[in-house]
Amino acid sequence: EAQVTQNPRYLITVTGKKLTVTCSQNMNHEYMSWYRQDPGLGLRQIYYSMNVEVTDKGDVPEGYKVSRKEKRNFPLILESPSPNQTSLYFCASRLTGTFQPQHFGDGTRLSIL
Amino acid sequence: QQQVKQSPQSLIVQKGGISIINCAYENTAFDYFPWYQQFPGKGPALLIAIRPDVSEKKEGRFTISFNKSAKQFSLHIMDSQPGDSATYFCAASKGGGTSYGKLTFGQGTILTVHP
């Protein structure tokens, strides 16, 4: 089954404790991205990657890191999480080319205390 | 700044009624306008999309109306069903949604369809 898989689905942690949210897709998509969803703000892009070893900032990159060492994986790293990073996070992937739909994972709900 | 503004924030409709969600955009370079549907505990999924060379696109009970001069587009759900209850996001992109044209999302609308 074609899918984007995120782990963990839920995480409660404390300020300053480094964490990684993993994202993996099995559709051989070149393009992957991370979004955060907050009430009243919709989805905002954090980082994106057009292919292996090619990443760039989205609209809200502060406090986040990413890497793309393999085509299928695109982890999101919070090196020193803070309470304002409490949010619902989504990973997405798609083929490059015009009008290709984005496929989203089922989300990771992160609470930073 | 919010480049895509979506309204209403929430909408309650009776079964069989018409649901209408509106979006307005600012960037005239946008040329791809998808709508995403999100159920609780799930990620958004593409519902329907339109390009500005047409004024309307229909897929089943879902229709996008597009007004280029007003920089507005809307989603109409005909014969709304309880199973349509979800959060809906409009989005916009330039470059046809290619890798160099990221999606900018609206704020979302929570639709509730009462039986």
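Scoring rules and cut-offs
- Per chain, residues are indexed from 1 in the order of the written sequence.
- Just so you know, chain letters begin at A and ligand numbers begin at 1, following the order they were written in.
- The predicted origin of the model limits local features to residues at a pLDDT of at least 70 and limits the giving and counting of side-chain atom pairs to 80 or more, whereas totals for whole chains, interfaces and linings rest on all residues.
- Calculation of side-chain values draws on the structure's entire complement of heavy atoms; hydrogens and water are dropped beforehand.
- Secondary structure follows DSSP: runs of H or I at least 4 residues long count as helices, runs of E at least 2 residues long count as strands, and numbering of each begins at the N terminus.
- With the radius of gyration taken over C-alpha atoms, the globule rule is written as 2.2 Å times the number of residues to the power 0.38.
- To sort residues, take the accessible area from a 1.4 Å probe on protein chains only and compare it with the maximum for the residue type: under 20% means buried, over 50% means exposed, and anything in between is partly exposed.
- Here, a salt bridge means any side-chain nitrogen of Lys or Arg that lies within 4 Å of a carboxyl oxygen of Asp or Glu.
- Here, strands pair whenever DSSP counts at least two bridges between them.
- Contacts are assigned to residue pairs that have any heavy atoms within 4.5 Å of one another.
- Once two parts are put together, the accessible area they lose, assessed with a 1.4 Å probe and summed over both, is termed the buried area.

(A) Region of interest: the overall build of chain B. The secondary structure content of chain B amounts to zero helices and eleven strands. Reading the helices (α) and strands (β) of chain B from amino to carboxyl end gives β-β-β-β-β-β-β-β-β-β-β. Relative to its length of 115 residues, chain B is compact, with a C-alpha radius of gyration of 14 Å against a globular reference of 13 Å. Judged by the C-alpha coordinates and their principal axes, chain B covers about 40 × 30 × 25 Å. In chain B, which comprises 115 residues, the proportion classed as buried is 46%.

(B) Quick peek at the pattern of salt bridges. Residue and element names in this part refer to chain A. One pass over the full model with this rule turns up seven salt bridges over all chains. In this structure, the salt-bridge partner of aspartate 38 is arginine 36, at a minimum N-O distance of 2.8 Å. Owing to a relative accessible area of 12%, aspartate 38 belongs among the buried residues under this scheme. Arginine 36 gets classed as buried once you look at its relative accessible area, which sits at 9%. For the salt bridge of aspartate 38 with arginine 44, the shortest nitrogen-to-oxygen distance reads 2.8 Å. Each of Lys18, Lys65 and Glu79 takes part in a single network of salt bridges with overlapping partners.

(C) Molecular detail of the sheet that holds strand E1 (residues 4–7) of chain A. Residue and element names in this part refer to chain A. With antiparallel pairing, four strands are arranged side by side in an open sheet as E1-E3-E8-E7. A strand with exactly one partner marks an edge of an open sheet, and here the two such strands are E1 and strand E7 (65–66). Pairing geometry for E1 and strand E3 (residues 19–25), over four bridges, is antiparallel. Its bridge partner lying in E3, threonine 5 is registered against serine 24.

(D) The arrangement of the interface of chain A and chain B in detail. Counting from both sides, the interface comprises 24 residues of chain A and, opposite them, 24 residues of chain B. Summed over both sides, the interface between chain A and chain B buries roughly 1,900 Å², with carbon and sulfur atoms accounting for 56% of that surface. When the area that chain A buries against chain B is broken down by residue, the three leading residues are Leu43(A), Phe99(A) and Phe104(A), summing to 30%. On inspection of chain A and its partner chain B, the count reaches one salt bridge.

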